[in-house]
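Below, each chain spelled out in residue letters.
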Amino acid sequence: MPEQPLTLDAALSEEAVLSTYRRMFAALARDSGAVVDDPALVDIAETLFGAFAEAGEEWLTHEQMRHVCRAYPADQFDNRLRVLKGLGAVREVFPKPNQLRYRASFTSVVGLMFIRRMMDDGGQSEMHRLLALEDLNVADPRTTMEEARQSAANLARAFRLWALELITLTTGTIEELREQAPKLWGTEEIARRAQSLHGTILTRWPDLDRTCTDLRAAIYSYSDASRRAAGRLADSAGTTRNLTLLPTETWRTFSQTASRERLAAVLDGFVFDAPAPWHDPAAIARAVDEAPRPVPAQPTPPRSDLPDPGPADSLDGPADAVVQRLTEVAESLLAGGADRVRLADAVGTDWSSVRRLLADLTSIDLRPELPYRLTWSDELSVDPDREPAWLSHGFLERTS
């Protein structure tokens, strides 16, 4: 097959496959390098298992297996076949010398199916199956109290670890939460099944109340963590309208199949910033090296121990004086006993004076003891030739 350039999406997809396999077999790995580091090796195994299923009782020879995997390099195929033989995933049909035909292990095929389901929904379907099976087990009259205790303890441990992972997602980045969103599917149904199982155990074996208490606390912790994570994902999508919250494949398919009008309608109403400029990494590293080093802060001079009475012309004064001053400002604008005046007519061209006037008017409006109020309309006047260049249409009114 011709070599294709590795894109960022393809690299992320392959890394997701490998990370799932590493987590699945971490408990059985002899060391950190015991799991494959190339997704093609997993594809070779799946291709072989599919060929074995189609071959039926004819089985496959070495040449037939190589022909099925002809799309992969010979050294990769030989390495993978050697590992599969050594672990028992591919065996001779009959254990005798000069055996030419091989068969696949049912256990290995089921293991790959299980891992694929884990990759699709993060273990949700397996948790449903586990709870259904445990519910049948604890309802079986042959189940002992010790078996029920072990089942409840295992489920409590699983729910606590799951809750901790969801808590980490809630406090992490929104991108990581979006990638792990399948772990939030069907959480209410899982919690309901677990609570039903807890009720069955506690009803049949009241002596397991302490174990059931731990299981109930783990279930509630999982439910709270899943609700917080789902709420954060929904809030982020609703407030920011972040288009990256949809999977990449969805946008790729939409962009390839949608018409020009539908593509334009998606971004209708959005305002985008200018794209970030591209900087060469070497230029960034050089700029960091050549950047001036910050000068250490100078220590603050020691303060005098003598009492400081403050400035002599302090603005702090009695409340009556402040109210009187604000009243004078309002009456000066409402000249001649008018009950209403437009602010656009009252402000001048000196922006510093306008700012002080607006500050006084805001204080007047916020004081309920003064018989004045500010009202604003939705209109906005823009005049580039004056200062300030824009004016909101507001009024100062006398209330009594």
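Residues numbered from 1 in each chain as written. Predicted model: local features only at pLDDT ≥ 70, side-chain atom pairs only at ≥ 80, totals over all residues. Heavy atoms only, no water.

Another point: the nonpolar core. By size, the foremost hydrophobic cluster in this structure holds 30 residues, and its most contacted members are L131, F159 and I201. Elements represented by at least two residues in this core include exactly α6 (124-139), α7 (145-171), α8 (174-179), α9 (187-204) and α10 (209-240). Here the element with the most residues in this core is α7; it accounts for 9 residues. In this structure, F159 is in contact with M127, L131, I190, A194, L215, A218, I219 and Y222, ignoring residues within four places of it in sequence. Within the second largest apolar cluster, 19 residues are counted, among which are L48, F52, Y72 and L112. (Core = buried A, V, L, I, M, F, W, Y, C linked by side-chain atoms within 4.5 Å. Buried < 20%, exposed > 50% of the residue type's maximum accessible area, 1.4 Å probe, protein only. Helix = DSSP H or I, 4+ residues; strand = E, 2+ residues; numbered from the N terminus. Contact = heavy atoms within 4.5 Å.)

Next up on the list: the side chain of E134. Structurally, E134 is set in helix α6. Despite being buried, E134 has no salt bridge partner; R157 is the closest side chain of opposite charge, sitting 11 Å away. Excluding residues within four positions of it along the chain, E134 makes contact with S151, L155 and L197. (Lys, Arg positive; Asp, Glu negative; His and termini not counted. Salt bridge = Lys/Arg side-chain N within 4 Å of Asp/Glu carboxyl O.)

As summarised here, the arrangement of the 3 strands in space is β1-β3-β2, forming an open sheet in which the pairing is antiparallel. Bordering the open sheet on either side are β1 (60-61) and β2 (90-92), each of which pairs with just one other strand. The sheet contact formed by β1 and strand β3 (residues 101-104) spans 2 bridges and is antiparallel. What sits directly across from T61, in β3, is R101. (Pairing = 2+ DSSP bridges.)

Between two aromatic rings, the relevant description is the distance of the centres plus the angle of the planes. Within this structure, the stated rule accounts for 1 aromatic pair. Sitting above the plane of the F395 ring, R340 keeps its charged end 3.8 Å from the centroid. (Phe/Tyr/Trp six-rings, centres within 6.5 Å; stacked < 30°, edge-to-face > 60°. Lys NZ or Arg CZ within 6 Å of the ring centre and 35° of its normal.)

Quick look at a nonpolar patch on the surface now. Nonpolar side chains collect at one region of the surface, where F106, V110 and M113 lie side by side and expose about 330 Å² of accessible area between them. Note on placement: V110 falls in helix α5 (residues 106-121). Residue class for V110 comes out partly exposed when judged on its relative accessible area of 34%. (Patch = residues over 30% accessible without salt bridge, like charges linked within 9 Å, V, L, I, M, F, W, Y side chains within 5 Å. Areas by Shrake-Rupley, 256 points an atom, 1.4 Å probe, with all protein chains shown as cover.)

What follows is about α7. End to end, α7 covers 39 Å across 27 residues, agreeing with the expected 39 Å (1.5 Å per residue, within 8%). All of the buried residues in α7 are A148, S151, A152, L155, A156, F159, W162, A163, L166, L169 and T170. (Expected span 1.5 Å × (residues − 1).)

So, about the pattern of salt bridges. When the charged atoms of two side chains with opposite charge come close together, those side chains can pair. In the structure shown here, the tally under the stated rule is 11 salt bridges. Between E146 and R149 there is a salt bridge, with its nearest N and O atoms 3.4 Å apart. You can see E146 and its partner R149 sitting in helix α7, 3 residues apart, about one turn around the helix. Classification of R149 by relative accessible area gives partly exposed; the value is 30%. E397 is the salt-bridge partner of R340, the closest N and O atoms lying 3.1 Å from each other. With R340 in strand β4 (residues 340-342) and E397 in strand β6 (residues 390-398), this residue pair connects regions lying 57 residues apart in the sequence.

Taken as a whole, the protein chain shows an average pLDDT of 75; of its residues, 74% reach a score of 70 or greater. No element of the protein chain has a lower mean pLDDT than helix α1 (residues 8-24), which averages 62, and none a higher one than helix α3 (residues 62-68), which averages 88. (pLDDT = per-residue confidence, 0-100.)

Inspection of the secondary structure assignment puts A153 in helix α7. Sequence separation between A153 and T211 is 58 residues; the distance between their C-alpha atoms is 6.7 Å.

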